[in-house]
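Each chain is listed here by its residues.
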Amino acid sequence: MAETQTSRSHWGSRIGFILAAAGSAVGLGNIWRFPYMAGENGGSIFILLYLACILFLGLPIIVAEVMLGKASQSNPVGAFKALDGPRSPWQVVGFMGVLAAFVILSFYSVVAGWCIGFIYKSVTGVFQPGHSAEEVAAIFGEMVGSVRTQGLCHGLFMILTVGIVLAGVRRGLERWTEILMPVLIILLLLLVGYGLTRPGAMAGLEFMLKPDPSKLTGRTVLDAMGQCFFSLSLGMGAMLTYGSYMRREDRAVGSSFWVVVMDTGIALLAGFAVFPMVFAFGQQPDAGPGLVFKTMPAAFLQMPGGTWVALAFFILLLFAALTSAISLLEVVTAYFIDEFGMSRRTAAVMFGAICFLMGMGCVYGDGYLGFLDNLQGNFLLPVGALFISLFAGWKLDRQIAQVEFEGQWYGVAFGAWRWCIRIAAPLLVLLVILNAWGLFDRLFQG
Ligand code: PHE
């Protein structure tokens, strides 16, 4: 569907927005990053903090972003111009969001490329039943050590992403998300069922459910917050952009609520799939970023038909990553379509190519992926989220916000949202930023 500046495309239905926004939220953040962050941060205590962050930060800020998009019918930069005048300094927040989209997409595509690599290995018999954790780790190490394999997989993933964004709002994003999301949930449920019925799985449940207060540090709190933004695609305008395709008659609040429920539910499902298996198969929960890629296949390959389970799992992860990546490219594409009158085709292809080249840095240089992840998680998203909540709380016309709450426990919900978005959220987010500056490290060390 061609998109012109005068007639902006819209979701075909209320569920269209919910599915697409949930598709953006649910991705590597839930299935790859959430278990490894929880595993590194003591499990249950991290999960508790994460849920608190979802409630006090995620929920109000996602509503704010969707609201800004819907009210402005514009991309992250155009939104601030539309709501605060053409010379508004708040535009900088939108620019940062577009920049964050570039940064995230370039390393996201590399990690998603690992899924393609593992799918290939499952199909071609590289993974064999009974492979030990060490053997799987060696296969993973070999893959990330090869510029050719990694570059190829990363390139392939980017081509898929660009292709879907090219198809436009309805035919592309909405249709894909509607097909992929149920598949993802069913596959995760199957894995949870399998994991929980293994002997020794209960230790994994305990790890997730029994809080160990000795694991609570300032760092854990702040990690949980960062994960909350990343997982809900907040702080850089992805939700704002999807909100801008929302129809006037749909409400930002109810729809956003369901997106948060789905995203959080799937992260927890991923946890319930990962940790019982990690413990049942004698693995370590704090294996770091390699947790999913090293430990899970090792667990799968102990199962009967494990190569098929591995195949299903990495297809699932690839699909989830794809629906997130298209939202990242959509932020950049929408910006250049709206602000520079670029065609969808030119914008998607050009910026997909640029992100591919930026991502190649991760393929060549070891620490580059960590650097980019740090840049977005510790700086771009928190700063973005801080200013988005300040704008929505203190600058945005009260009337515009109020309308979105109509019909949903009107007074209480609006009051709670206003309090969160004006006071609680900005203060809490400030803590994340101070952490990125190392203030807490200094306090806790000494
Ligand atoms: N939320 C996505 C995930 O969990 C990642 C993402 C972040 C997507 C920011 C868009 C914007 O994988």
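Residues numbered from 1 in each chain as written. Predicted model: local features only at pLDDT ≥ 70, side-chain atom pairs only at ≥ 80, totals over all residues. Heavy atoms only, no water.

A few points about the overall build of the protein chain
- A count of helical and extended segments in the protein chain gives 19 helices and zero strands.
- For a compact globule of 446 residues, the expected C-alpha radius of gyration is about 22 Å, and the protein chain comes in at 21 Å, within 12% of that figure.
- Counting over 446 residues, the protein chain shows a buried share of 60%.
- Considering only residue pairs separated by 6 or more positions, the protein chain has 84% of its internal contacts joining residues 24 or more positions apart.
- Carbon and sulfur atoms make up 67% of the accessible area of the protein chain, which totals about 17000 Å².
- Positive and negative side-chain charges of the protein chain, numbering 26 and 25 respectively, have mean locations separated by a distance of 6 Å. (Helix = DSSP H or I, 4+ residues; strand = E, 2+ residues; numbered from the N terminus. Rg over C-alpha atoms; globule rule 2.2 N^0.38 Å. Buried < 20%, exposed > 50% of the residue type's maximum accessible area, 1.4 Å probe, protein only. Contact = heavy atoms within 4.5 Å. Areas by Shrake-Rupley, 256 points an atom, 1.4 Å probe, with all protein chains shown as cover. Lys, Arg positive; Asp, Glu negative; His and termini not counted. Charge placed at Lys NZ, Arg CZ, Asp CG, Glu CD.)

Side note on the site of the ligand
- The immediate surroundings of the ligand are formed by 16 residues, with Ala25, Gly29, Tyr108, Phe230 and Ser233 found nearest.
- Within the backbone of Leu28, a nitrogen or oxygen atom sits 3.1 Å from an oxygen atom of the ligand.
- Taking Phe230, its main chain carries an N or O atom lying 2.7 Å from a nitrogen atom of the ligand.
- Taken by itself the ligand offers 320 Å² of open surface, and the protein chains cover 100% of this.
- The residue inventory of the shell around the ligand, partitioned by class, reads eight nonpolar, eight polar and no charged. (Near = heavy atom within 4 Å. Polar contact = N/O pair within 3.5 Å; in protein donor to acceptor, adjacent residues only side chain to side chain. Nonpolar A, V, L, I, M, F, W, Y, C, P; charged D, E, K, R; others polar.)

Describing the side chain of Ser44
- Looking at the secondary structure, you find Ser44 in helix α3 (residues 44-72).
- In this view, Ser44 contacts Phe207, Met208, Leu209, Lys210, Pro211 and Asp212; residues no more than four positions away in its chain are not counted.

Brief notes about the environment of Gly288
- Here Gly288 is to be found in the loop between α12 (252-280) and α13 (291-300).
- Exposure remark for Gly288: the relative accessible area of 3% places this residue in the buried category.
- When the C-alpha positions of Gly288 and Ile179 are compared, they lie 31 Å apart, and in sequence the two are 109 residues distant.
- Not counting the four nearest positions on each side in its chain, Gly288 is found in contact with Tyr36 and Glu40.

Examining the packing of α3 against α12
- At their nearest, the axes of α3 and α12 sit 9 Å apart, and the two run at 150° to each other. By the angle class used here, α3 and α12 are roughly antiparallel. The two elements α3 and α12 cross, and the hand of that crossing is right-handed. Along the contact surface, α3 presents Ile47, Tyr50, Leu51, Ile54, Leu59, Ile62, Val63, Val66 and Met67, while α12 presents Ala252, Val253, Ser256, Phe257, Val259, Val260, Asp263, Thr264, Ala267 and Leu268.
- Residues belonging to the contact of α3 with α12 are distributed by class as follows: 16 nonpolar, two polar and one charged. (Axes fitted to C-alpha atoms, helices over the stretch in contact; angles between N-to-C directions. Parallel < 35°, antiparallel > 145°, perpendicular 65-115°, else oblique. Left-handed = near helix turned anticlockwise from the far one by under 90°.)

Looking at the pattern of salt bridges
- For the coordinates displayed, the defined rule picks out ten salt bridges.
- For Asp373, the salt bridge goes to Arg33, with nearest N and O atoms at 3.6 Å. Of this pair, Asp373 sits in helix α16 (residues 368-395) while Arg33 sits in helix α2 (residues 28-40), and the two are 340 residues apart along the sequence. Across the pair, exposure class does not vary: Asp373 and Arg33 are buried alike.
- Because the salt bridges share partners, they merge into one network encompassing Arg247, Glu249 and Asp250. (Salt bridge = Lys/Arg side-chain N within 4 Å of Asp/Glu carboxyl O.)

Some points on the packing of aromatic side chains
- According to the stated counting rule, one finds 31 aromatic pairs in the structure shown.
- With centroids separated by 5.4 Å and ring planes inclined at 45°, the aromatic side chains of Phe207 and Phe279 adopt a geometry described as tilted. In this pair, Phe207 sits in helix α9 (residues 202-209) while Phe279 sits in helix α12, placing the two residues 72 residues apart along the sequence.
- Members of the aromatic cluster, joined through ring pairs, are Trp114, Phe118, Phe127, Phe140, Phe293, Phe300, Phe313 and Phe314.
- Directly above the ring of Tyr194 sits Arg198, whose terminal nitrogen or CZ lies 3.9 Å from the centroid. (Phe/Tyr/Trp six-rings, centres within 6.5 Å; stacked < 30°, edge-to-face > 60°. Lys NZ or Arg CZ within 6 Å of the ring centre and 35° of its normal.)

What to know about helix α14 (residues 306-340)
- Compared with an ideal rise of 1.5 Å per residue, which puts 35 residues at 51 Å, α14 spans 50 Å between its outermost C-alpha atoms and is within 8% of the ideal.
- In terms of residue burial, α14 counts as a mostly covered element, since 28 of its 35 residues are buried. (Expected span 1.5 Å × (residues − 1).)

Some remarks on α2
- Helix length check: α2 (13 residues) gives 17 Å between terminal C-alpha atoms against 18 Å at 1.5 Å per residue, within 8%.
- Bending of α2 peaks at approximately 35° at the position of Phe34, with proline Pro35 no more than four residues after it.
- Among the 13 residues of α2, twelve are classified as buried, and the element is accordingly described as predominantly covered.
- For α2, the set of buried residues is Leu28, Gly29, Asn30, Ile31, Trp32, Arg33, Phe34, Pro35, Tyr36, Met37, Ala38 and Gly39. (Bend = angle between axes of the 7 residues up to and from the residue.)

Remarks on the state of the cysteines
- As enumerated under the stated definition, the model contains zero disulfides in all.
- Its sulfur unpaired, Cys362 is 11 Å from the next cysteine sulfur, which belongs to Cys355.
- No disulfide involves Cys420; its sulfur sits 12 Å from the nearest other cysteine sulfur, which is in Cys228.
- The class for Cys420 is buried, based on a relative accessible area of 8%. (Disulfide = S-S within 2.5 Å.)

Treat this as a map of the structure, not an account of what it does.
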